[in-house]
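Okay, here's what each chain looks like letter by letter:
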Amino acid sequence: MVPDDLIEVAPDILRLRLPMDEGIDHVNLYLVRDGAGWLLFDTGVDTAHARACWERLLAGPLAGGLTRIVVSHHHPDHLGLARWLRERTGAVVYLRPEERHSAEQTALPTPKAMDACRHYFEHHGMPADDASTIASDLLRRFMACDTGFQSQSLEHGEVLHVGRYRFQVLVQGGHSVAQFCLHEPQAGLLLTGDQLLERITPNLSLLPWGDRHPLRHYLASLEQTAALDLRCVLPAHHEVYAGGVARARGLIHHHERALEKFRARLLPGMKGMDVATAVYGRRRDVLDRFLALTESLAHLQYLQEQAEVRCDADARWYPLPHTVSSTGALPASLHLA
């Protein structure tokens, strides 16, 4: 893969694919022609290699510079280079305040915050060694970003004029607390960040900070997305694709099937870590166990909202007799990416 793979994916829209060292091996960033310069959607992980790539591009095909930067959400492959690019180009950065707060909390800025994080994971059944590793190393190493810069926000439903395009701003929860997506109704385009990926599903985590109802909000976002005119989806990972409405509906149905595993495998008195192991098996490393636990907690919380399970003061979970929600809707589910 060429690190500075820059191709046109729609009129006046370029895709830049940057490499990543962890998990998925790349992230897609998008540049929309904005007068003499470009609006950038997401920034990439902050590495020396990525900075060098940007320097080459800004001296060459992107010599017009960046006018604006939209950061979809606070994860490092999206937010990581925002401060450096702002200082390098003078571009205005758009970032939701909820996302900035989540980034700051993820960095665990004080010993008190580290202790609270460690306690959270131990309380839900994670071994003390794993909880300590998450609080003292994993979150800072894999998830923390530099937020020492000024930014502006955008509101849901606001229209962003960029060159030939008129993007409608969507603010959606689930994978993150307030993720930006940009929909262009006339062209049927959706810049989706991690919210609507074709080949994988985004992780939905219940953490001490961030989205307090990740599964409920993600399912709502899928319903909202399925109502749009989507002819071309520009995601953060893998390829640009058509059929976004079908993908959104497919994810809803997928989640409905997946949550059946939680109903079937929850036994009275299980901790969240017990449920995670029952559903996902024993994970190889602490990062996988972290993701399995936090996603399991999101599942369990959703079932609790549907009056299908309860949680006691010791964070032990119990199934309840089946009831139908007050809306008459069947509970939906989710899947660990």
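Residues numbered from 1 in each chain as written. Predicted model: local features only at pLDDT ≥ 70, side-chain atom pairs only at ≥ 80, totals over all residues. Heavy atoms only, no water.

## Side note on the environment of histidine 119
Assignment of secondary structure puts histidine 119 in helix H5 (residues 111-123). For histidine 119, a relative accessible area of 53% translates into the label exposed. (Helix = DSSP H or I, 4+ residues; strand = E, 2+ residues; numbered from the N terminus. Buried < 20%, exposed > 50% of the residue type's maximum accessible area, 1.4 Å probe, protein only.)

## Some thoughts on the sheet that holds strand E13 (residues 309-311)
The antiparallel open sheet is built from three strands, whose spatial order is E12-E14-E13. The open sheet has two edge strands, strand E12 (270-271) and E13, and neither has a second partner. Where E12 meets strand E14 (residues 316-319), two bridges bridge the pair, whose relative direction is antiparallel. Considered in E14, the bridge of lysine 271 is made with arginine 316. (Pairing = 2+ DSSP bridges.)

## Quick word on the sheet that holds strand E9 (residues 179-184)
A sheet is described by the order of its strands in space; here five strands give the open sequence E7-E8-E9-E10-E11, paired in mixed fashion. Of all strands in the sheet, those with a lone pairing partner are strand E7 (159-162) and strand E11 (232-235), marking the two edges. Taken over all neighbouring pairs, the strand axes of this sheet differ in orientation by 25° on average, direction set aside. (Axes fitted to C-alpha atoms, helices over the stretch in contact; angles between N-to-C directions.)

## Some words on unusual backbone geometry
We note that histidine 238 has phi near 65°; this positive angle belongs to a residue other than glycine. The residue histidine 238 is located in the loop between E11 and helix H8 (244-265) in this model. Unusually for a residue other than glycine, alanine 307 sits at a positive phi of about 60°. Mapped onto the elements, alanine 307 comes out in the loop between helix H10 (286-305) and E13. The class for alanine 307 is partly exposed, based on a relative accessible area of 36%.

## Describing the packing of aromatic side chains
What the rule picks out here adds up to four aromatic pairs. Ring geometry for phenylalanine 262 versus tyrosine 280: centroids 6.1 Å apart, planes at 75°, classification edge-to-face. Taken together, the positions of phenylalanine 262 in helix H8 and tyrosine 280 in helix H9 (residues 272-280) put the pair 18 residues apart, joining distant regions of the chain. Given the relative accessible area of 2%, phenylalanine 262 is considered buried. Clustering of aromatic rings is evident, with ring pairs tying together Tyr120, Phe121 and Phe290. Between the NZ or CZ atom of arginine 100 and the centre of the ring of phenylalanine 149, over which it lies, the distance is 5.0 Å. In this arrangement the basic side chain of arginine 310 is found over the ring face of tyrosine 318, its NZ or CZ atom lying 4.3 Å from the centre. (Phe/Tyr/Trp six-rings, centres within 6.5 Å; stacked < 30°, edge-to-face > 60°. Lys NZ or Arg CZ within 6 Å of the ring centre and 35° of its normal.)

## Quick word on the pairing of E11
Neither face of E11 is left uncovered, since the one carrying Cys232 and Leu234 and the one carrying Val233 and Pro235 both have all their residues buried. Two elements, strand E10 (residues 189-193) and E11, share four bridges in a ladder whose sense is parallel. Looking at E11, one finds that leucine 191 is bridged to leucine 234. Taking the sense of rotation as the criterion, the β-α-β connection linking E10, helix H7 (residues 214-226) and E11 turns out right-handed. (Right-handed = clockwise from strand over helix to strand, strands pointing away.)

## Details of the state of the cysteines
Evaluation of the coordinates by the stated rule reveals zero disulfides. The thiol of cysteine 117 is unpaired, and the distance to the nearest cysteine sulfur, on cysteine 145, comes to 16 Å. (Disulfide = S-S within 2.5 Å.)

## Here's the deal with the environment of leucine 160
Position of leucine 160 among the secondary structure elements: in strand E7. Relative accessible area serves as the criterion here: at 4%, leucine 160 is assigned to the buried category. Each C-alpha atom of the pair leucine 160 and glutamate 184 lies 9.5 Å from the other, and the pair is 24 residues apart in sequence.

## Things to note about the confidence of the model for the chain
Mean pLDDT over the chain: 92, with 94% of residues reaching 70 or higher. The low-confidence segment residues 324-337 (pLDDT under 50) makes 47 contacts with residues lying over four places distant or belonging to another chain. (pLDDT = per-residue confidence, 0-100. Contact = heavy atoms within 4.5 Å.)

## Examining the environment of glutamine 301
Following the sequence through the fold, glutamine 301 ends up in helix H10. With a relative accessible area of 12%, glutamine 301 lands in the buried category. Along the backbone, glutamine 301 and glycine 210 are 91 residues apart, and their C-alpha atoms lie at a distance of 14 Å.

## Thoughts on the pattern of salt bridges
Within the structure shown, the criterion is met by 21 salt bridges. Here glutamate 98 and arginine 96 are joined by a salt bridge, their closest N and O atoms 2.9 Å apart. The salt bridge involving lysine 271 is made with aspartate 314; its shortest N-O contact spans 3.6 Å. In this pair, lysine 271 is assigned in strand E12 and aspartate 314 in the loop between E13 and E14, connecting sequence segments 43 residues apart. Under the relative-accessibility criterion, lysine 271 is labelled buried at 11%. (Salt bridge = Lys/Arg side-chain N within 4 Å of Asp/Glu carboxyl O.)

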